[in-house]
Amino acid sequence: MAETLKKGSRVTGAARDKLAADLKRKYDDGASIRALAEETGRSYGFVHRMLSESGVTLRGRGGATRGKKASAD
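Because the structure is a prediction, the values reported are computed rather than measured.

J.: Where do I start with the packing of helix α1 (residues 13–28) against helix α3 (residues 44–53) in this structure?
T.: Helix packing geometry: the angle between the two helix axes and the distance between the axes. Running from amino to carboxyl end, α1 crosses α3 at an angle of 90°, the nearest separation of the two axes being 9 Å. The angle between α1 and α3 places the two elements in the roughly perpendicular class. Taken together, the residues of α3 that come into contact with α1 (itself represented by R16, L19, A20, L23, K24 and Y27) are F46, V47, M50, L51 and E53. Looking at the contact of α1 with α3 residue by residue, the class counts come to 8 nonpolar, no polar and 3 charged.

Here it is as structure tokens:
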């Protein structure tokens, strides 16, 4: 989405549907919620909610896991 939305402005109707589809496509292509929030000028929570409303299966958190270390034989 080239244009950023005015912070705090309501997104309704067709604009909301277009934004939701755009966010869904980019998320499915691998973009993070934080990256999408920064790109659109919206909060993390807003983007998370839009993706959830769109029926997206959200990915788990990345980073280090706290499981057993692999043994080096």
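Next comes the rest of the write-up.
J.: Got a minute to help me understand the layout of surface pockets in this structure?
T.: Sizing a probe to match a water molecule and rolling it over the atoms shows the empty space that remains. As a volume, the largest pocket reaches approximately 250 Å³. Together, Y27, S32, I33, R34, Y44, H48, L58, R59, G60 and R61 line the largest pocket. Every element with two or more residues in the lining of the largest pocket is listed here: α2 (33–40) and α3. Partitioning the lining of the largest pocket into residue classes produces 4 nonpolar, 3 polar and 3 charged.

J.: What is the right way to read α3 from this model?
T.: The complete set of buried residues in α3 reads F46, V47, M50 and L51. What you see down the axis of α3 is that its buried residues fit within an arc of 130°, all on one side. Of the surrounding secondary structure, the elements contacted by the buried residues of α3 are α1 and α2.

Conventions used here
- Residues numbered from 1 in each chain as written.
- Predicted model: local features only at pLDDT ≥ 70, side-chain atom pairs only at ≥ 80, totals over all residues.
- Heavy atoms only, no water.
- Axes fitted to C-alpha atoms, helices over the stretch in contact; angles between N-to-C directions.
- Helix = DSSP H or I, 4+ residues; strand = E, 2+ residues; numbered from the N terminus.
- Parallel < 35°, antiparallel > 145°, perpendicular 65-115°, else oblique.
- Contact = heavy atoms within 4.5 Å.
- Nonpolar A, V, L, I, M, F, W, Y, C, P; charged D, E, K, R; others polar.
- 1 Å grid on protein atoms, 1.4 Å probe; cavity = no way out; pocket = protein on both sides within 12 Å on 5 of 7 lines; lining within 4 Å.
- Points joined across faces, edges and corners; volume = space filled by probe spheres on them.
- Buried < 20%, exposed > 50% of the residue type's maximum accessible area, 1.4 Å probe, protein only.
- Arc of directions from axis to C-beta.

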